[in-house]
Amino acid sequence: MINQQILHQNINLIDIHSKENLNDEDRSKLIKDFQVTNEILDYADDIDERARLEYDEPNNVFLVVFNAQNEQNTVEEASKVTMPISFAVKDNNVFLFTNSQTHYVKDYILQADKDLNNISKDRIWSLIFYVFDQISNDYNDKINEINHRRNQIQDHIKRRKSSNKQIFELSDLQDLITYISTSINGNFNVVKQIEIISSGKIRSVSLSKNSHEHLHDSIVEIEQIREQASLASDTIDRVANTYNNILNNQTNTTMKILTIYTIVLSIPTIVSGFYGMNMPLPVSDKKWSWLFSIILTIFMIGLILWDLHRRDNS
């Protein structure tokens, strides 16, 4: 579905909102009315497209693919927690490609159009940089949520309430932070590409001083979020390693206890086995021989327990 909306300075926002993929009718309309190439549309319509910056020089179209968060909070697959959105910039037109999970980005553009009061030739890029900032804030909130969940797991571990549930939760957090970190790194590469292009080293994109400063601020913001994501990932890995060590220690303790029980319980069998033989043994002909066997058994059990305790403390 294609909707058009006029923003300030007569910027034409073309909102292409697809449930899944761009349908043939919308594709034909974009090609015919706006001279957008099939190649650009294929990039913009690919839900698995990586964050990137493309330039169609013959048609003077810039394509910016950026990773945004999936609006659905009940995503079961970690790989779907982020999804690409696309901006295509051609003349005074800005095309926004989203699906049902990322269509909220349009609200960011409309809010940016209200907040940006200055008149400039590069207003389209200012709007896009504003959206970058909002998406980065969303990632910051997501990382804080991940840290909160990790702290809860740590509290369970400290209270020695470890279970399979914590193992699966840690595994989910590791998958989640991996995909988020990858998306943030992709976004960082995009803004760095825009910075290179705006400097005129490859292709000139005319940006005002204010827009350059805004772009620089966006780069710093995304770089800080990259560091937060990296720190969160490292912390989750350390917690997972600690949890594995705790489980290993618990297993070792269990095996140690079972071994002690096996040794202790084997002593009465050995003693009674000797005195159950049909052959003369010391004090076997005495009335108190059964009491002697019990005392001998208790003495041997105590001796072995003392030796095990001594070895454990040495």
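Residues numbered from 1 in each chain as written. Predicted model: local features only at pLDDT ≥ 70, side-chain atom pairs only at ≥ 80, totals over all residues. Heavy atoms only, no water.

J.: Quick one: what's the story with unusual backbone geometry, residue by residue and with numbers?
T.: Phi at Gln-9 is positive, roughly 60 degrees, even though this residue is not glycine. Mapped onto the elements, Gln-9 comes out in the loop between strand S1 (2–6) and strand S2 (12–18). Positive phi values are uncommon outside glycine, yet Asn-10 reaches one of about 60 degrees. Locating Asn-10 in the fold gives a position in the loop between S1 and S2. (Helix = DSSP H or I, 4+ residues; strand = E, 2+ residues; numbered from the N terminus.)

J.: So what's going on with the nonpolar core? Residues and values would help.
T.: Counting residues in each nonpolar core, the largest one holds 58 residues, and the members touching the most others are Phe-87, Trp-125 and Phe-132. Elements represented by at least two residues in this core include exactly strand S4 (61–69), strand S5 (82–90), strand S6 (93–99), helix H3 (105–115), helix H4 (123–158), helix H5 (164–198) and helix H6 (209–275). Those residues in contact with Phe-132 that lie beyond four places of it in its chain are Val-64, Phe-66, Phe-87, Val-191 and Ile-194. In this structure, Ile-14, Ile-16, Val-61 and Phe-97 belong to the second largest nonpolar core, which totals 16 residues. (Core = buried A, V, L, I, M, F, W, Y, C linked by side-chain atoms within 4.5 Å. Buried < 20%, exposed > 50% of the residue type's maximum accessible area, 1.4 Å probe, protein only. Contact = heavy atoms within 4.5 Å.)

J.: Now, about the packing of aromatic side chains: what can you tell me, with residues and values included?
T.: Applying the stated rule across the entire model yields seven aromatic pairs. Measuring from centroid to centroid gives 5.8 Å for Phe-62 and Trp-125, while their planes differ by 80 degrees, and the two rings are edge-to-face. Taken together, the residues span a long stretch of sequence, with Phe-62 in strand S4 and Trp-125 in helix H4 at a distance of 63 residues. In this structure, Phe-62 and Trp-125 share a single accessibility class: buried. Members of the aromatic cluster, connected to one another through ring pairs, are Tyr-55, Phe-62, Phe-66, Trp-125, Phe-129 and Phe-132. The ring centre of Phe-188 lies 4.3 Å from the NZ or CZ of Arg-226, which sits over that ring. (Phe/Tyr/Trp six-rings, centres within 6.5 Å; stacked < 30°, edge-to-face > 60°. Lys NZ or Arg CZ within 6 Å of the ring centre and 35° of its normal.)

J.: Please set out helix H2 (residues 38–45) residue by residue, giving values where relevant.
T.: Within the sequence span of H2, burial applies to Ile-40, Leu-41, Ala-44 and Asp-45. For H2, the buried positions fall inside an angular range of 125 degrees around the axis, keeping them on one side. Elements in contact with the buried residues of H2: helix H1 (24–34), strand S3 (52–56), S4, S5 and S6. (Arc of directions from axis to C-beta.)

J.: Just give me the short version of a nonpolar patch on the surface, but keep the residues and values in it.
T.: On the surface, a nonpolar cluster with roughly 720 Å² of combined accessible area is contributed by Trp-288, Trp-290, Leu-291, Phe-292, Ile-294, Ile-295 and Ile-298. By relative accessible area, Leu-291 is classed as partly exposed at 40%. (Patch = residues over 30% accessible without salt bridge, like charges linked within 9 Å, V, L, I, M, F, W, Y side chains within 5 Å. Areas by Shrake-Rupley, 256 points an atom, 1.4 Å probe, with all protein chains shown as cover. Salt bridge = Lys/Arg side-chain N within 4 Å of Asp/Glu carboxyl O.)

J.: Residue-level account of the packing of H4 against H5, with values.
T.: Close contact between H4 and H5 brings their axes to 11 Å; oriented N to C, the two are set at 160 degrees. Judged on the interaxial angle alone, H5 and H4 are roughly antiparallel. Regarding H4 and H5, the two cross each other, and that crossing is left-handed. Mapping the contact onto sequence places Trp-125, Phe-129, Phe-132, Tyr-139, Lys-142, Ile-143, Ile-146, Arg-149, Arg-150, Ile-153 and His-156 in H4 and Gln-166, Glu-169, Leu-170, Leu-173, Leu-176, Ile-177, Ile-180, Ser-183, Ile-184, Asn-187, Val-191 and Ile-194 in H5. Partitioning the contact of H4 with H5 into residue classes produces 15 nonpolar, four polar and four charged. (Axes fitted to C-alpha atoms, helices over the stretch in contact; angles between N-to-C directions. Parallel < 35°, antiparallel > 145°, perpendicular 65-115°, else oblique. Left-handed = near helix turned anticlockwise from the far one by under 90°. Nonpolar A, V, L, I, M, F, W, Y, C, P; charged D, E, K, R; others polar.)

J.: Break down the side chain of Asp-56 for me, with residues and values.
T.: In this structure, Asp-56 sits in strand S3. Buried charge without a partner: Asp-56 forms no salt bridge, and the closest opposite charge is Lys-90, 7.2 Å away. Beyond its immediate stretch of four places on either side in the chain, Asp-56 contacts Thr-37, Ile-40 and Val-61. (Lys, Arg positive; Asp, Glu negative; His and termini not counted.)

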